Amino acid sequence: MFSAAAALAHATHLSTAIGPRPAGLASSSEAASYIAATLASYGYEVERQDFSFPSFEERRVSVMVSVPPGATTGATGSAAAGGAEPVEAHALLYSGSGTVSGRLALAGFGRPEDYAAPGMEGAIALVERGAGLTFREKAEAAAAAGVAAVIIYNNTPRLFVGSLQAPMPVPVLAISGRDGARLGEQALRGTVQATVDVDVNVAELQTENIVGRRRAGQPAAGRTIVAGAHYDSVQVSPGANDNASGTAVLLELARVLSHEPLGVDLTLIAFGAEELGLLGSAHFVGQLNRAETGRVAAMLNFDMVGVGDELLAGGTSRLVQLTQEIGEARGVRVGRMGDGFANRSDHAPFLAAGVPSIFFSVMDDPNYHTADDRAEHISARRLEEVGAIGAQLIRRLARGG
C-alpha cells in the first residue's frame with residue numbers, strides 16, 4: 001500500500017535537509033545519491049547516467065527606468081517623476097549579455113504579431129508572461145523583430161525565475177507582475193526610457209539521471225513501463241512541490257512495486273536538469289535505440305503533485321482516459337490538462353519519440369519557483385492520491401491496459 005507518510009518524508013528530506021538543487025551543484029549530487037541509495041535499498045539495479053550541459057552564471061543584472069512626468073513611481077517609490085529608478089530583475093537562464101538603452105515598448109504576450117508595431121526595432125520590449133507561449137518563443141520572436149532586450153513580467157505579483165532552454169542573442173529578464181503592471185501603466189502615460197545591463201556566463205557542467213531497473217525475469221525483448229520525475233530545482237527554491245513531491249511519489253512507487261509480479265520490466269528515472277529545458281529526459285531518450293524505444297509500453301511522469309486543488313493528467317488520450325477511470329473508482333476526480341501545459345515536462349521527449357506517455361500534475365501552486373516552495377505546504381493526502389492512482393495505472397498497463 002502506498003504510504004503518504006513515507007512519500008512526505010522523502011519530499012521533506014529533499015527540500016529541507018538538502019534544499020535547493022540546481023543541476024550541476026553539490027546539492028544536486030547529494031539528492032542524486034539519496035535517490036540512488038533509496039532505489040538500491042528496494043532491490044533495483046541502479047545506473048547513474050552522467051551528462052553535461054551548459055551552465056549559466058548571472059554575474060550582473062540591472063534595470064533602470066526613467067519615469068515620465070505625471071507617471072507614478074516604480075519599484076522603489078524613491079525616484080521623482082522624470083528621474084531614474086531601479087527595478088528588481090533576474091536574467092532568465094540562457095539570456096544574452098549586453099548593455100542597451102531604449103524606449104520601453106509594450107509588446108503584449110510576446111507573440112510575433114505583438115512585435116509588429118512601428119518603432120519596435122531597437123526598443124526594450126515589456127512582455128507579459130502567459131498565453132501558452134514559452135519564454136523561448138517570446139524571446140525568439142523579439143529577436144526576429146529586432147528588439148534590443150526583453151523584460152518579461154509575471155502573471156502573479158511575485159518575481160520569478162525561468163529558462164529560455166537555449167542561448168538567446170539579446171538580454172531577456174524577469175520582473176515581478178507588480179512591477180510589470182506599474183511599468184505598463186507608466187508607458188501608457190508617456191515615453192519610458194529603460195537601460196538594461198546584463199553580464200552572464202555560460203560554461204559546461206555535469207549532472208546525472210538516476211535510473212532504477214527491475215527486471216521481470218523475461219527475455220530482454222519484453223515490454224517496459226517507465227515512470228519518472230525530475231529531482232532538480234531552480235536556484236532560489238527549496239523545490240518541495242517542484243519537484244521533490246514528484247520524486248517522492250516515484251520513490252514510494254518503487255517500494256510499493258518492488259515485489260509485485262508485474263510481468264513487465266519496470267524502469268524508474270529521477271531526471272536531472274529538467275528546469276534547464278528537459279535536459280535529463282531528452283538525454284535518456286536520446287540514448288535509446290529504435291528497438292529499445294519500441295519496447296516502452298508507456299511512460300508516467302510526476303511533476304508538482306503535492307500542492308493545489310485539482311489533479312490533472314495530460315498526454316496520450318488513452319492513458320488519460322484510463323487514469324480518469326481509475327481515479328473515479330477511487331473517488332478522485334482527474335481533470336484533463338490543457339494543451340498549453342500537456343507537453344511541458346519530462347514526458348515530452350518520450351511523446352516525441354512515439355512512446356505513449358502521461359503527465360500527472362496538480363494545479364495551481366502560488367509558491368511555484370519561489371523561496372516559499374517548502375515542505376510545510378505539501379499535502380500528504382494529495383501525494384497518496386497521485387501515488388495510488390499511478391500504481392494502479394502501472395498494474396493495469398502491465399496486464400495489457
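See the structure printed just above.
I will try to describe carefully the structure that is included in this document. Counting from 1, residues in each chain are numbered in the order their sequence is written. Local features in this predicted model are restricted to residues of pLDDT 70 or higher, and side-chain atom pairs are both shown and tallied only at a pLDDT of 80 or more, whereas totals for entire chains, interfaces and linings draw on every residue. Side-chain measures here rest on the full set of heavy atoms in the structure, leaving out hydrogens and waters.

1. Considerations on the packing of aromatic side chains
Then, in step 1: Between the rings of Phe, Tyr and Trp (Trp by its six-membered ring), a pair exists once the centres lie within 6.5 Å; its type follows the angle of the planes, with under 30 degrees stacked, over 60 edge-to-face, and the other angles tilted. Per the stated rule, a full pass over the model turns up four aromatic pairs.
Then, in step 2: Taken together, the ring pairs connect Phe271, Phe284 and Phe350 into an aromatic cluster.
Then, in step 3: To sit over a ring, a charge needs its Lys NZ or Arg CZ within 6 Å of the ring centre and within 35 degrees of the ring normal. Between Arg129 and the ring centre of Phe160, over which it is positioned, the NZ or CZ distance is 4.7 Å.

2. A closer look at the pairing of strand E7 (residues 172-175)
Then, in step 1: Buried residues are those whose accessible area, probed at 1.4 Å on protein chains only, stays under 20% of the maximum for their type, while exposed residues exceed 50% and partly exposed ones sit between those limits. Helical segments are the DSSP runs of H or I of at least four residues, strand segments are the runs of E of at least two, and each set is numbered from the N terminus. The side-chain alternation of E7 yields two buried faces, one formed by Val172 and Ala174 and the other by Leu173 and Ile175.
Then, in step 2: In this sheet, E7 lies alongside strand E6 (residues 149-153) in parallel orientation, the contact comprising four bridges. For Ile152, the partnering residue across the bridge sits in E7 and is Ala174. If DSSP finds at least two bridges between two strands, the strands pair.

3. Things to note about the environment of Val320
Then, in step 1: Residue position: Val320 is located in helix H8 (residues 317-329).
Then, in step 2: The sequence separation of Val320 and Arg336 amounts to 16 residues, and the corresponding C-alpha distance is 7.2 Å.
Then, in step 3: In this analysis, two residues are considered to be in contact whenever any of their non-hydrogen atoms come within 4.5 Å of each other. The residues touching Val320, leaving out its near neighbours within four places in the chain, are Ala313, Gly314, Gly315, Arg336 and Ile358.

4. Notes on helix H1 (residues 4-18)
Then, in step 1: Taking 1.5 Å of rise per residue, the 15 residues of H1 would be expected to cover 21 Å, and the 20 Å separating its terminal C-alpha atoms lies within 8% of that figure.
Then, in step 2: To get the bend at any residue, fit one axis to the seven residues that end at it and another to the seven that begin at it, then take the angle between the two axes. Taken as a whole, H1 carries its principal kink of about 30° at Thr12.
Then, in step 3: Taken together, the buried positions of H1 are occupied by Ala4, Ala7, His10, Ala11, Leu14, Ser15 and Ile18.
Then, in step 4: Where H1 is buried, its residues contact helix H2 (26-41), helix H5 (240-257) and helix H10 (380-398).
Then, in step 5: A positive phi of about 90° marks Gly19, the residue just after H1. Expected span of a helix, by definition, is 1.5 Å for each gap between consecutive residues, and there is one gap fewer than residues.

5. Thoughts on the pairing of strand E1 (residues 45-66)
Then, in step 1: In terms of strand pairing, E1 meets strand E8 (residues 193-214) through 21 bridges, oriented antiparallel. Residue pairing for E8: Ser66 is matched across the bridge by Gln193.

6. Quick word on the pattern of salt bridges
Then, in step 1: A side-chain nitrogen of Lys or Arg and a carboxyl oxygen of Asp or Glu constitute a salt bridge if their distance falls within 4 Å. Going through the model one piece at a time under the given rule, you end up with 19 salt bridges.
Then, in step 2: For Glu47, the salt bridge is made with Arg213, and the minimal N-O distance between the two is 2.9 Å. With a gap of 166 residues between them, Glu47 in strand E1 and Arg213 in strand E8 connect regions that are remote in the sequence.
Then, in step 3: Since its relative accessible area comes to 30%, Glu47 is described here as partly exposed.
Then, in step 4: Here Arg48 and Glu208 are joined by a salt bridge, their closest N and O atoms 2.9 Å apart. Of the two residues, Arg48 is situated in strand E1 and Glu208 in strand E8; the sequence distance between them amounts to 160 residues.
Then, in step 5: By relative accessible area, which is 9% here, Glu208 ends up buried.
Then, in step 6: Overlapping salt bridges, with partners in common, bring together Arg158, Asp372, Arg374 and Glu376 in one network.

7. A look at the packing of H2 against H5
Then, in step 1: Interaxial distance between H2 and H5 falls to 9 Å at its minimum, and their mutual angle equals 20°. By the angle between their directions, the pair H2 and H5 is classed as roughly parallel. As for how H2 packs across H5, the hand of that crossing is right-handed. Facing Tyr34, Ile35, Thr38 and Leu39 of H2, the residues of H5 in contact are Thr247, Leu251 and Ala254.
Then, in step 2: The residue inventory of the contact of H2 with H5, partitioned by class, reads five nonpolar, two polar and no charged. In this analysis an axis means a line fitted to C-alpha atoms, helices contributing only their contacting stretch, and an angle means the value between N-to-C directions, from 0 to 180 degrees. The labels follow the angle: roughly parallel below 35 degrees, roughly antiparallel above 145, roughly perpendicular from 65 to 115, and oblique for the rest. Crossing chirality is assigned from the near helix's rotation relative to the far helix, an anticlockwise turn below a right angle marking it left-handed and a clockwise turn marking it right-handed. When residues are sorted by character, Ala, Val, Leu, Ile, Met, Phe, Trp, Tyr, Cys and Pro go into the nonpolar class, Asp, Glu, Lys and Arg into the charged class, and all the rest, Gly among them, into the polar class.

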